[in-house]
Amino acid sequence: MTAAAGDPPRVRLLTRPGCHLCDDARAVVARVCAEVDVGWEEVDVTTDPALLAEHHDQVPVTLVDGRQHDFWRVDPARLRAALAR
């Protein structure tokens with residue numbers, strides 16, 4: 001999870017423990033963000049009641065620049081395109 005010092009990560013991945021789709025999404029996000037040198041962070045929705053209530057059935061959720069980009073599956077080409085903007 002990289003980002004320039006002081007820069008907030010552009011990608012936020014919302015996950016929960018024991019989620020196999022989250023494992024798949026994490027691998028895609030990590031790979032794409034490393035390729036394009038963009039910071040990302042992972043947030044466990046079970047640690048935040050509001051996030052859990054909002055996203056419980058949709059995890060993993062990928063946010064780019066604070067806006068929902070994908071849920072359940074992360075398409076690497078689509079994520080690269082969003083990060084190129």
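Higher on the page you've got the structure.
Note that the coordinates shown come from a computational prediction; the quantities given were computed from them, not determined experimentally.

Digging into the nonpolar core
Most often, soluble globular proteins have nonpolar side chains that are buried together. If you look at the biggest cluster of nonpolar residues, it comprises 13 residues, and the most contacted ones within it are Val-11, Val-29, Cys-33, Trp-40, Val-74, Leu-79 and Leu-83. Those elements that place two or more of their residues in this core are strand S1 (11–15), helix H1 (20–36) and helix H3 (76–84). Per-element tally for this core: the top contributor is H1, with 5 residues. Setting aside its immediate chain neighbours within four residues, Cys-33 contacts Val-11, Val-38, Trp-40 and Leu-83. Core analysis: the next-biggest nonpolar cluster, separate from the first, contains 10 residues, Cys-19, Val-43, Leu-51 and Val-59 among them.

Looking at H1
Taking 1.5 Å of rise per residue, 17 residues should cover 24 Å, and H1 covers 25 Å from first to last C-alpha, within 8% of that figure. When we look at burial in H1, the residues that qualify are Leu-21, Cys-22, Ala-25, Val-28, Val-29, Val-32 and Cys-33. In a view along the axis of H1, the buried residues occupy a sector of 130°, so they form one face of it. Pointing more than 90 degrees away from the buried face of H1 are the exposed residues His-20 and Ala-34. Immediately downstream of H1, the backbone of Asp-37 shows phi near 55°, a positive value.

Procedures and definitions
Within each chain, residues carry numbers counting from 1 in the order of the written sequence. With the structure being a predicted model, the display of local features is reserved for residues of pLDDT at least 70 and the display and counting of side-chain atom pairs for 80 or more, all residues being used for whole-chain, interface and lining totals. Each side-chain value is derived from all of the structure's non-hydrogen atoms; neither hydrogens nor water enter the calculation. Only buried residues count toward a nonpolar core, which is a set of Ala, Val, Leu, Ile, Met, Phe, Trp, Tyr and Cys residues joined through side-chain atoms within 4.5 Å. Burial classes: relative accessible area under 20% of the type maximum marks a residue as buried, over 50% as exposed, and values in between as partly exposed (1.4 Å probe, protein chains only). Runs of E in the DSSP output that reach at least two residues are strands. Runs of H or I that reach at least four are helices, and both are numbered from the N terminus. Contacts were defined at the residue level, with two residues in contact if any of their heavy atoms lie within 4.5 Å. Helix span, as expected, comes to 1.5 Å for every residue beyond the first. The arc in question is formed by the directions pointing from the helix axis toward the C-beta atoms.

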